[in-house]
Amino acid sequence: LYIKNYALIEEFSVAFERGLNIITGETGAGKSIVLGAFGLLIGDRATPGAIREGAEKAIVEADFDISGNPSLHAFFELNDIECEGDTLLIRREVSRRGTSRGFINDSPASTQILKELSEFLVDLHGQHEHQSLLYAKNHIRMLDDFAGLSAMVAEFQSLRAALVEISDEIESMKAREARLREEHDLYAFQLDE
């Protein structure tokens, strides 16, 4: 994580380890400022007031190792995001004029895309922060990722889509058969008449 000209921070960088990372410290040590800067990366609202006094813009960047995150590939494909290798770079810039720009691997990205992407990358736990464990929609994805079932899930989704398509086709054929039977009965009646 790299932060430049955000709130009281002139320049700061920190490397986190894989898995659980905990930021602790005394009141006033700057934990909330670091988390606020990180919030920009995950789509939080940007305000010019967050820029350090005397600076024209604030920059927050983070490199993510995505090698163990297979769910991201479908997200990238769905959102037409290019990602080669196992590293993902997210950057957000906030200018004094009130404009904000987000980037994923140096390609422009909306704050909405950053929010959606963050669900695959981080889970911040703290007072009033993003807590994806509370959302039931995330439980099965987390469990499947942990169990290494992403390939099986993709295969199941493909087979289910094929089943739904075949079921729809069968229902359509049954409806057509019923319609043809009614027409046959009508024509038979008219012929008898």
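All residue numbers refer to positions counted from 1 along the written sequence of the respective chain. Residues qualify for local features only when their pLDDT is at least 70, as the model is predicted, and side-chain atom pairs are given and counted only at 80 or more; totals for whole chains, interfaces and linings, by contrast, use all residues. Derived side-chain values reflect all non-hydrogen atoms in the structure, with water molecules and hydrogen atoms excluded from consideration.

Caption draft 1: Seen up close, the overall build of the protein chain. Scanning the protein chain for helices and strands turns up 5 helices and 6 strands. Listed by position from the N terminus, the elements making up the protein chain come as β-β-α-β-α-β-β-β-α-α-α. C-alpha atoms define the radius of gyration, and 2.2 Å times the number of residues to the power 0.38 defines the globule rule. Compactness check: the protein chain gives a C-alpha radius of gyration of 26 Å against a globular reference of 16 Å for 193 residues, more than 25% above the reference. Taking the principal axes of its C-alpha atoms as reference, the protein chain extends roughly 95 × 40 × 35 Å. In this description, contact between two residues means that some pair of their heavy atoms is separated by no more than 4.5 Å. Long-range contacts, defined here as pairs at least 24 residues apart, represent 59% of the contacts in the protein chain between residues at least 6 apart. Here a strand is any run of E in DSSP of at least two residues, a helix any run of H or I of at least four, and the numbering for each starts at the N terminus.

Caption draft 2: Up close: the environment of L72. With respect to the helices and strands, the residue L72 is situated in helix α2 (residues 71–78). Here the alpha-carbon distance between L72 and L117, two residues 45 residues apart in the chain, equals 8.0 Å. Among residues more than four places away in sequence, those in contact with L72 are I66, L117, F120 and L121.

Caption draft 3: Quick peek at the packing of aromatic side chains. Between the rings of Phe, Tyr and Trp (Trp by its six-membered ring), a pair exists once the centres lie within 6.5 Å; its type follows the angle of the planes, with under 30 degrees stacked, over 60 edge-to-face, and the other angles tilted. Scanning the model with the defined rule gives 2 aromatic pairs in all. Among the aromatic residues, ring-to-ring pairing joins F75, F76 and F120 into one connected group. The criterion is that NZ of a Lys, or CZ of an Arg, lies within 6 Å of the ring centre and within 35 degrees of the ring normal, and then a charge sits over that ring. Over the ring of F103 we find R91; its NZ or CZ atom is 4.3 Å from the centre of that ring.

Caption draft 4: Structural detail: the sheet that holds strand β5 (residues 100–104). Here 6 strands make up an open sheet; going across it, the order is β2-β1-β3-β4-β5-β6 and the pairing antiparallel. Unpaired on one side and paired on the other, β2 (9–13) and β6 (107–109) mark the two borders of the sheet. Strand-to-strand twist in this sheet, taken as the mean axis angle between neighbours without regard to direction, amounts to 20°. Strand pairing requires that DSSP identify at least two bridges connecting the strands. Sheet analysis places strand β1 (residues 2–6) next to β2, joined by 4 bridges and oriented antiparallel. Within β2, the position partnered with Y6 by the bridge is I9. Relative to strand β4 (residues 87–95), helix α3 (residues 111–121) is tilted by about 140°, and along the sheet it contacts β3 (57–65), β4, β5 and β6. Working convention: axes come from line fits to C-alpha atoms, limited for helices to the stretch in contact. Angles between N-to-C directions cover 0 to 180 degrees.

Caption draft 5: Geometry of the environment of E93. The residue E93 is located in strand β4 in this model. For the pair E93 and E61, spaced 32 residues apart in sequence, the C-alpha to C-alpha distance is 8.8 Å. Setting aside chain neighbours within four positions, we find E93 in contact with K57, A58, I59, T99, S100, R101 and F103. Whenever a nitrogen or oxygen atom comes within 3.5 Å of another N or O atom, the pair is scored as a polar contact, on the condition that within protein one atom can donate a hydrogen and the other can accept it, and that pairs from neighbouring residues in sequence are kept only if both atoms are in side chains. At 3.1 Å, the side chain of E93 and the side chain of R91 are in polar contact.

Caption draft 6: Quick look at the pattern of salt bridges. Any carboxyl oxygen of Asp or Glu within 4 Å of a side-chain nitrogen of Lys or Arg constitutes a salt bridge here. Applying the stated criterion across every chain, the model contains 8 salt bridges. Between R52 and E10 there is a salt bridge, with its nearest N and O atoms 3.8 Å apart. Remark: E10 occurs in strand β2 and R52 occurs in the loop between α1 (31–41) and β3; sequence separation between them is 42 residues. Categorising residues by exposure relies on relative accessible area from a 1.4 Å probe, with only protein chains included: less than 20% of the type maximum marks a residue as buried, more than 50% marks it as exposed, and the intermediate range marks it as partly exposed. When its relative accessible area of 25% is taken as the criterion, R52 is described as partly exposed. Among the residues examined, E10 registers a relative accessible area of 51% and is labelled exposed. Residues participating in the shared-partner salt-bridge network are K57, R91, E93, R101 and D106.

Caption draft 7: Representation of the nonpolar core. Joining through side-chain atoms within 4.5 Å is the link that ties buried Ala, Val, Leu, Ile, Met, Phe, Trp, Tyr and Cys residues into a set, and such a set is a nonpolar core. Judged by nonpolar contacts, the single largest core of 33 residues is most densely connected at L1, I3, F76, L88, I104 and L117. With 5 residues, the single largest contributor to this core is α1. When residues no more than four places from it in sequence are discounted, the contact partners of L88 are A62, D63, F64, I66, F76, C83, I104, N105, L117 and L121.

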